[in-house]
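Commentary on secondary and tertiary structure
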Amino acid sequence: MEHADVVVVGGGPAGAACAAAVRRARPDADVLVLDRAAFPRDKVCGDGIAPEALDVLAGLGLDVAALTDGHPVVPRLRLQGPRGTTVERATARPSVVVPRAVLDGRLLDQVLAGGVRYARHTVRSIAVHPTHVEVDGRYRAPVLVGADGAESVVRRALGIAPNPPDRLAVAIRGYAPVPSSAEGVQVVTTTEQRWPAYAWSFPLGDGRANVGYGELVSGGVTRAGLLAGLHGLLPGVEPVELRAHRLPLSTGRPRLPDGRVLLAGDAQSLINPLTGEGIFYAVLSGALAGAASVHGAQAGQVHRRLLRRRLGAHLRSSTAASQLSRWPALMDAAVRASAADQRVFDDVVGLGLADGRLTARTLAATVRSLPRRLTSSVDQVT
């Protein structure tokens, strides 16, 4: 049986960040990453990388300029509410859009260059013992981290149920020429039909855009319905390389397990319920899992404490905002308030794409932007 100090299942952003964080905490640690895929490989995603995600990776000693090389920053964001209210502004810090077929390979290459090992292996079973964890009777380590995505084998091995349908979304993604007037702009547009649902267009800087559409599973999702939603919100767009993927939202995240097995990223249901963003959550939760991994039998408790300290207030805010978003009029009011105040716009962007909070300023501005007949109803909720 092959031994390591930490085994990480999954070589995507969460797993790579985790492996880098273990080595950061213990430079002599033997870290083994297992993944069924050969890298580089594609992954269904919007490809947008918030600057806060790059901050996490830079803090692990990774070269973020090399990760994003060839893909210029995207300085502006356009939001359209479900009833048509629209705002477009410069974000406080620009994002970058890098295809996952590029990003994940570059990120894993850097981590492996730092001394982490990699093996191509499809994980099928996990056995947890008092002193260690075994993978398929072949690999053994004191701590194992499941960073193996929305269909996590590690999560299932722990007996953790999948998200319920109202806490699970499905998105379809493809690539198309950048729509007119959307070069240098990340576009997120929503609709009252099949609410909550949204489409996006994120420019890659080479004349193409990552385009897609997503909605909740509880609405009864079909591929034809996803395509109809995409074409309805982004008329004239004809994408290729279409693929669909499930998104376990953070509103359905499980309690983190104790002991020697940790979860990170999509495996932990860390997908922003407002935007479907997951890369920031992935690298942050992976980095925290890596830092906790050096604590052996207490790794699970340490990871839970670190994540609560770092993201607890934000996750409470995003959950509250997703509950409030049940009213399309309220979402349009938030967009209207963002158009009137750059600070509110920045708050909304931070809440949807990073670790921002639902601030009193944004709540008050949103309520003021509501039609008068709805104000009293929202006051009762908030």
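So, a few notes on the structure that sits alongside this text. Numbers given for residues are sequential positions, taken from 1 along each chain in its written order. Residue-level local features of this predicted model are given only where pLDDT is at least 70; pairs of side-chain atoms are given and counted only at 80 or more, and the full residue set underlies all totals for whole chains, interfaces and linings. To obtain the side-chain values, all non-hydrogen atoms of the structure were included, while hydrogens and water were left out.

1. Section: the overall build of the protein
Spelled out, the test is: Secondary structure elements follow DSSP: runs of H or I of four or more residues count as helices, runs of E of two or more count as strands, with numbering from the N terminus. With the radius of gyration taken over C-alpha atoms, the globule rule is written as 2.2 Å times the number of residues to the power 0.38. The cut-offs for exposure are 20% and 50% of the maximum accessible area for each residue type, with area from a 1.4 Å probe on protein chains only; residues under the lower value are buried, those over the upper are exposed, and the others partly exposed. In this description, contact between two residues means that some pair of their heavy atoms is separated by no more than 4.5 Å. To measure how exposed things are, a 1.4 Å probe is used in the Shrake-Rupley method; for residues, cover is taken only from the protein chains shown. In summary, the charge assignment counts Lys and Arg as positive and Asp and Glu as negative, without counting His or the chain termini. A charged residue contributes its charge at one atom only: NZ of Lys, CZ of Arg, CG of Asp or CD of Glu.
Along the backbone of the protein there are 12 helices and 17 strands. Taking 382 residues into account, the globule formula puts the C-alpha radius of gyration at 21 Å, and the protein, at 20 Å, falls close to it. Dimensions along the principal axes, computed over C-alpha positions, put the protein at roughly 65 × 45 × 35 Å. For the protein, the proportion of its 382 residues judged to be buried stands at 56%. In the protein, the share of contacts with a sequence separation of at least 24, taken over all contacts with a separation of at least 6, comes to 72%. Split by element, the accessible area of the protein, about 15600 Å² in all, is 52% carbon and sulfur. Here the protein contributes 44 positively and 34 negatively charged side chains, and the mean placements of these two sets differ by 6 Å.

2. Points about the packing of helix H7 (residues 279-293) against helix H8 (residues 299-324)
For clarity, the cut-off: Where helices are involved, their axes are fitted lines through C-alpha atoms of the stretch in contact, as for all axes, and angles between N-to-C directions lie from 0 to 180°. Comment on the angle field: the value is read as roughly parallel under 35 degrees, roughly antiparallel over 145, roughly perpendicular from 65 to 115, and oblique elsewhere. Helix crossings are classified by the rotation of the near helix relative to the far one: an anticlockwise turn of less than a right angle makes the crossing left-handed, while a clockwise turn makes it right-handed. Amino acids outside the nonpolar list (Ala, Val, Leu, Ile, Met, Phe, Trp, Tyr, Cys, Pro) and the charged list (Asp, Glu, Lys, Arg) are all regarded as polar, and Gly is one of them.
The geometry of H7 relative to H8 is characterised by a closest axis approach of 7 Å and an angle of 155° between their N-to-C directions. Accordingly, the angle class assigned to the pair H7 and H8 is roughly antiparallel. Judged by the sense of rotation from one axis to the other, the crossing of H7 with H8 is right-handed. Across the interface between the two elements, Phe280, Tyr281, Leu284, Ser285, Leu288, Ala289, Ala291, Ala292 and Ser293 of H7 pack against Ala299, Val302, His303, Leu306, Leu307, Arg310, Leu311, His314, Leu315 and Ser318 of H8. Split by residue class, the contact of H7 with H8 holds 13 nonpolar, five polar and one charged.

3. Structural notes on H7
Going by this rule: Expected helix span is given by 1.5 Å per residue-to-residue step, counting one fewer step than there are residues.
Its 15 residues place the ends of H7 21 Å apart at the C-alpha level, agreeing with the 21 Å of an ideal helix rising 1.5 Å per residue. In terms of burial, H7 is largely enclosed, as 14 of its 15 residues are buried.

4. What to know about the sheet that holds strand E10 (residues 139-141)
Test applied: Pairing between strands is defined by DSSP: at least two bridges between the two strands are required.
Strand order in the open sheet formed by four strands is E1-E10-E9-E8, and the pairing between neighbours is mixed. Single-partner strands in this sheet number two, and they are strand E1 (2-3) and strand E8 (126-128). Note that strand E9 (residues 133-135) and E10 share three bridges and pair antiparallel. In the strand pairing of E10, Glu134 is matched with Arg140.

5. Considerations on the pattern of salt bridges
Applied cut-off: Within this document, salt bridges are pairs made up of a side-chain nitrogen of Lys or Arg and a carboxyl oxygen of Asp or Glu, the two lying within 4 Å of each other.
Counted by the stated rule, this structure contains 21 salt bridges. Salt-bridge contacts for Arg26 lead to Asp5; the nearest nitrogen and oxygen are separated by 3.2 Å. Note that Arg26 is positioned in the loop between helix H1 (13-25) and strand E3 (31-35) and Asp5 in the loop between E1 and strand E2 (6-9), a separation of 21 residues in sequence. Using a relative accessible area of 25% as the deciding quantity, one classes Asp5 as partly exposed. Taking the shortest distance from any N to any O, the salt bridge between Glu151 and Arg246 comes out at 2.8 Å. Of the two residues, Glu151 sits in the loop between strand E11 (143-146) and helix H5 (153-157) while Arg246 sits in strand E16 (residues 240-248), which places them 95 residues apart along the sequence. The class for Arg246 is partly exposed, based on a relative accessible area of 34%. Bridged by salt links that share partners, the residues Glu2, Asp30 and Arg117 form one connected network.

6. A few points about the packing of aromatic side chains
Rules: Between 30 and 60 degrees the pair is tilted, below 30 it is stacked and above 60 it is edge-to-face, where a pair is any two Phe, Tyr or Trp rings, Trp via its six-membered ring, whose centres lie within 6.5 Å. Whether a charge sits over a ring depends on NZ of Lys or CZ of Arg being within 6 Å of the ring centre and within 35 degrees of the ring normal.
Under the criterion given, the structure shown has three aromatic pairs. Geometrically, the ring pair formed by Tyr198 and Trp200 is tilted, given 5.8 Å between the ring centres and 35° between the ring planes. As far as the burial class goes, Tyr198 and Trp200 line up, both buried. Relative to Tyr281, the ring of Phe280 lies with its centre 6.2 Å away and its plane at 45°, an arrangement referred to as tilted. Residue class for Tyr281 comes out buried when judged on its relative accessible area of 1%. Its guanidinium or amino end placed over the ring of Trp327, Arg326 lies 5.3 Å from that ring's centre, counting from NZ or CZ.

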